[in-house]
Amino acid sequence: MTLISRTIKDKLEGSSKSPSTYVKPYTQRIDDLKMPMGYIPPKFQQFDGKGNPKQHVAHFVETCNDAGTYGDHLVKQFVRSLKDNAFDWYIDLGANSIDSWKHLEEEFLNRFYSTRRTVSMIELTNSRQRMKEPVIDYINRWRNLSLNCKDRLSETSAIELCIQGRQWGLRYILQGIQPKSFEELATRAHDMELSITANEVEEPSFQKSYQLKEEHVEEEQVDHEDGGKSFEETTSYAM
């Protein structure tokens, strides 16, 4: 009976408060904490409920530490780093429900989660340069995938895997060169691609010139058959 009476009393007291009244979610102990002398609130990056919450917490803590605040002092500042859905979550926290930074951090991370997709080693290994995809675009695409891979790769191993996904011509040459960094890989691969493209443009022109010469010789042979000069005389004179 005592428990029932207390529950009814709490509900009546709660209903007597205006729903528009804001109550701080942290305890009086946190509220009584004094900020350091000369403290100036820093400019925080704001989290809207999307993106990576762990990344936001890490940036928030570093920003606070740079401003000279640590531990539970962070509780009072955290609201400054929130907006939109994340801010709505904060103001809906129960009154006096937060008594430490660790508790607030846990509540925040339990509510929000990262939408970042984890890439498997199989997906990374099977990534290939697409048809007509510039080599620089392929390297950037592969590199971004590798950064989200759950398995950590050394730069040497990552470069080798990236080369394996190239089209055969570049892959064969780059395997021989063995670039030591992604910067070197991108530079050499780009230069090679330009060189290959230039050769492909020049080759048809050479073939066309050679074809015209062959057609000219055939015409001279026809003239000889019609009573013109002999083929040997014609070519000798031309030379």
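The present account deals with the structure reproduced in this document.

**Digging into the side chain of Thr69**
Mapping Thr69 onto the fold places it in the loop between α3 (53-66) and α4 (73-77). According to the relative accessible area criterion, Thr69 is buried, its value standing at 1%. Reaching out from Thr69, the side chain makes a polar contact with the side chain of Gln77 at a distance of 3.1 Å. The residues contacting Thr69, other than those within four sequence positions of it, are Met35, Pro36, Tyr39, Cys64, Leu74 and Gln77.

**Observations regarding the packing of α3 against helix α6 (residues 101-111)**
Direction vectors running N to C along α3 and α6 enclose 150°, while the axes themselves pass 10 Å from each other. On the basis of their axis angle, the class for α3 and α6 is roughly antiparallel. Pair α3 / α6 crosses with right-handed handedness. Residues Pro53, Lys54, His56, Val57, Phe60 and Val61 of α3 pack against Trp101, Glu105, Phe108 and Leu109 of α6. Here the residues of the contact of α3 with α6 are counted per class, giving seven nonpolar, one polar and two charged.

**As for the packing of aromatic side chains**
All told, the structure shown has 12 aromatic pairs when counted by the stated rule. When the centroid spacing of 5.1 Å and the interplanar angle of 40° are considered together, the rings of Phe44 and Phe60 count as tilted. Of this pair, Phe44 sits in the loop between α2 (28-31) and α3 while Phe60 sits in helix α3, and the two are 16 residues apart along the sequence. Between Phe78 and Phe108 the ring centres are 5.1 Å apart and the planes differ by 85°, which places this aromatic pair in the edge-to-face class. Residue Phe78 is found in the loop between α4 and α5 (84-91), and its partner Phe108 is found in helix α6; the two are separated by 30 residues along the sequence. Per residue, the accessibility class of Phe78 equals that of Phe108, and both read buried. Here the aromatic residues Phe44, Phe47, Phe60, Phe78, Trp89, Tyr90, Trp101, Phe108 and Phe112 are joined through ring pairs into a cluster of three or more. Over the ring of Phe112 we find Arg111, and its NZ or CZ is 5.1 Å from the ring centre. Its guanidinium or amino end placed over the ring of Phe182, Arg143 lies 4.4 Å from that ring's centre, counting from NZ or CZ.

Conventions we followed
Residues numbered from 1 in each chain as written. Predicted model: local features only at pLDDT ≥ 70, side-chain atom pairs only at ≥ 80, totals over all residues. Heavy atoms only, no water. Helix = DSSP H or I, 4+ residues; strand = E, 2+ residues; numbered from the N terminus. Buried < 20%, exposed > 50% of the residue type's maximum accessible area, 1.4 Å probe, protein only. Polar contact = N/O pair within 3.5 Å; in protein donor to acceptor, adjacent residues only side chain to side chain. Contact = heavy atoms within 4.5 Å. Axes fitted to C-alpha atoms, helices over the stretch in contact; angles between N-to-C directions. Parallel < 35°, antiparallel > 145°, perpendicular 65-115°, else oblique. Left-handed = near helix turned anticlockwise from the far one by under 90°. Nonpolar A, V, L, I, M, F, W, Y, C, P; charged D, E, K, R; others polar. Phe/Tyr/Trp six-rings, centres within 6.5 Å; stacked < 30°, edge-to-face > 60°. Lys NZ or Arg CZ within 6 Å of the ring centre and 35° of its normal.

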